[in-house]
Amino acid sequence: MAQDLIVVGGGPAGATCARHAAQLGLEVLLIEKATHPRRKACGGGLTARVKDALDFDFSSAIEHEQCALRLVSPSGLVVEEVRSEPTGYTVRREDFDHLLLKKAEEAGATVIQGSDVIDLVEDSSGVDVFTSEGSHRGGLLVGADGVNSVIARKSGLHPRWKDDEVALCIEASVPMDPSDITRISGNPEWGERVAIEIHLGALVHGYAWAFPKKSEYSLGIGVMVKHLTDLKGSWKKFTEAFEARCGTKLDLADTTSMRIPVGGMIDKTSSRRIMLIGDAAGFVGPATGEGIYYAIESGKSAAEVAQKIASGASNVSTVTYHTQMRDGIGADLKVAKFMEKIMFRSNANMEALCKMASEDPIMKRHTLDFIMGMESYRTMRSRMMKRMLTKHPLKALRMVV
Ligand SMILES: Cc1cc2nc3c(=O)[nH]c(=O)nc-3n(C[C@H](O)[C@H](O)[C@H](O)COP(=O)(O)OP(=O)(O)OC[C@H]3O[C@@H](n4cnc5c(N)ncnc54)[C@H](O)[C@@H]3O)c2cc1C
């Protein structure tokens, strides 16, 4: 029997789309390659916007409410701030994604796990999806299968990422005693609170991170593929320096590498019966690598459009989804791309940004807001530019020429 909607991929994008579409009354089948809970290379940092984007309590999956950020410049200058309100959360993706998938099932979506989609055939009334076990038919198909999307490739919507559209990351989940986490990522004045750390000097044109969880760290490093030189060497240097700070040997057994699409929204996210969401469509913040919020938002939009198409609404098609995305998230990511190009252009630019933030409390607030994804990139760009041009014009000029 044909479903109204088939969703391929059960990460934040797919699980949200399936949950939302089922809540809107569609017959939904979600097909996921892995069996959850599954490991996903990720810092597990959620911006505060995720809380507004999700309409259920996900506190069971939260490791820390984040209130503090520590930014380290290429020369080692440290800029840090603690706030009274949470600026975001850290989660283990195993737990967070599993919860989202369970919520999709609770909402009425049928979930098949451990099934790999390998091909599809689209026609004017629907899509046949082929897995290693058999086939399924849906009136509509949503590709939520991540950066290596089979749906993007097989539909012809996005055959491959170019070197300036994708970054390569190394990420490790490193077990750590909670008291050591407080000592390393805390501050005697912060009580139990710990900071997420961004190390801008860990490599040119990229950055490294240390995101504390309850009893582990996500340590990682990433750079745009077009700037790839010695990622492994930079990773070794970063982890050795972190190990020296910890004073104990790091267990790096759970280390993996993964691409992240930071080039902005792809040119075409929909065909007649198919929509791409999340990483498959390039919905990731170029400067920060934040993708979970965009995965959730694009999943919700695709579900709403799918419901309208299934109910026969006139003037609604998959192009409606593409247009909404292009004018919303896509436009904001273009602004973020502009900021990323300036910020990561050189170590000198990263240093200048940290220097301004260390000398000027307002610039510090704007910079940390930008990294923590507190507002749309459009809003944050205009605030940062205004402050830089009025208070730091020479530094600003040097960053762009
Ligand atoms: C190292 C690293 C660190 C990151 N850190 C952060 C961070 O701290 N905060 C943040 O917001 N974002 C971060 N991101 C980005 C974030 O992980 C992604 O943007 C987010 O996971 C996108 O969600 P998604 O649902 O689109 O894709 P995914 O989470 O990748 O989910 C895709 C799902 O599809 C399944 N799948 C794939 N192929 C098939 C197939 N053929 N058939 C069936 N199922 C399939 C996969 O098993 C997977 O479960 C990071 C990314 C990387 C690589």
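This text follows the structure it describes.
Not measured: the values here are computed from a predicted model. (Residues numbered from 1 in each chain as written. Predicted model: local features only at pLDDT ≥ 70, side-chain atom pairs only at ≥ 80, totals over all residues.)

**Q** Any chance you could explain the site of the ligand here in plain terms?
**A** Looking at the ligand, there are 37 residues lining it, with Gly9, Gly11, Gly43, Gly278 and Gly291 nearest. At the level of secondary structure, the elements contributing two or more residues to the shell around the ligand comprise helix 1 (12-23), strand 2 (28-32), strand 12 (167-175), strand 16 (255-260) and helix 7 (292-310). With 3 residues, the single largest contributor to the shell around the ligand is helix 1. Two domains each donate at least three residues to the shell around the ligand, and these are domain 1 (3-42 + 94-162 + 263-338) and domain 2 (68-89 + 164-260). (Near = placed C-beta within 6 Å. Helix = DSSP H or I, 4+ residues; strand = E, 2+ residues; numbered from the N terminus. Domains from an automatic or database assignment.)

**Q** I'm lost on unusual backbone geometry in this one. Help?
**A** Most peptide bonds adopt trans geometry, and most residues besides glycine take a negative phi value. Note that the residue after His36, namely Pro37, is joined by a cis bond; omega there is 0 degrees. Relative to the assigned elements, Pro37 resides in the loop between strand 2 and strand 3 (45-47). A positive phi angle, close to 70 degrees, is found at His205, a residue other than glycine.

**Q** I would appreciate a short explanation of the environment of Val121 in the present structure.
**A** Tracing the backbone shows Val121 in strand 9 (residues 117-122). Sequence spacing of Val121 and Ser155 is 34 residues, and the spatial spacing of their C-alpha atoms is 8.0 Å.

**Q** Looking at this structure, how should I read helix 7?
**A** Side chains that are three or four residues apart share a direction in an α-helix, a result of its 3.6 residues per turn. Taking 1.5 Å of rise per residue, the 19 residues of helix 7 would be expected to cover 27 Å, and the 27 Å separating its terminal C-alpha atoms lies within 8% of that figure. Where burial is concerned, most of helix 7 is hidden: 16 out of the 19 residues are buried. Directly after helix 7, the chain includes Gly312, whose backbone phi takes a positive value near 80 degrees. (Expected span 1.5 Å × (residues − 1). Buried ≥ 20, exposed ≤ 12 C-beta atoms within 10 Å, placed from the backbone.)

**Q** What am I meant to see in the sheet that holds strand 12 here?
**A** One key point about sheets: their strands pair by backbone hydrogen bonds, in either a parallel or an antiparallel sense. Taken in spatial order, the 7 strands of this open sheet run 6-5-13-14-15-12-16, and their pairing is mixed. The outermost strands of the open sheet, each flanked by one partner alone, are strand 6 (78-82) and strand 16. In this sheet, adjacent strand axes meet at a mean angle of 15 degrees when their direction is disregarded. When strand 12 meets strand 16, the two strands line up antiparallel, connected through 6 bridges. Bridge assignment links Ile170 to a residue of strand 16, and that residue is Ser257. (Pairing = 2+ DSSP bridges. Axes fitted to C-alpha atoms, helices over the stretch in contact; angles between N-to-C directions.)

**Q** So what exactly am I meant to see when it comes to the sheet that holds strand 7 (residues 88-91) here?
**A** Spatial ordering of the open sheet is given by 3-7-4, a layout of 3 strands whose pairing is antiparallel. Only two strands of the sheet have a single neighbouring strand rather than two, namely strand 3 and strand 4 (62-66). In this sheet, adjacent strand axes meet at a mean angle of 25 degrees when their direction is disregarded. Of the pairings in the sheet, the one linking strand 4 to strand 7 comprises 4 bridges and is antiparallel in character. In the sheet register, Gln66 faces strand 7, and the bridge partner there is Gly88.

**Q** I keep staring at the packing of helix 1 against helix 3 (residues 93-106) and nothing clicks. Help me out?
**A** Packing of helix 1 against helix 3 brings their axes to within 8 Å, and their N-to-C directions diverge by 20 degrees. Our classification of the angle between helix 1 and helix 3 gives roughly parallel. Between helix 1 and helix 3 lies a crossing of left-handed hand. Residues Pro12, Ala15, Thr16, Ala18, Arg19 and Ala22 of helix 1 touch helix 3, and the partners they reach there are Asp97, Leu100, Leu101, Lys103 and Ala104. (Parallel < 35°, antiparallel > 145°, perpendicular 65-115°, else oblique. Left-handed = near helix turned anticlockwise from the far one by under 90°. Contact = placed C-beta atoms within 7 Å.)

**Q** Explain the pairing of strand 2 here, please?
**A** Each regular strand carries side chains that alternate between the two faces of the sheet. The buried count for strand 2 comes to 5 of 5 residues, which makes it a mostly enclosed element. Alternating positions in strand 2 separate into two faces, Val28, Leu30 and Glu32 on one and Leu29 and Ile31 on the other, with burial throughout. Pairing analysis gives 4 bridges linking strand 1 (residues 3-8) to strand 2, with the strands arranged parallel. What sits directly across from Val7, in strand 2, is Leu30. Between strand 1 and its parallel partner strand 2, the chain crosses via helix 1, and the hand of that crossover is right-handed. (Right-handed = clockwise from strand over helix to strand, strands pointing away.)

Remember that the coordinates give geometry; whether it matters functionally is a separate question.
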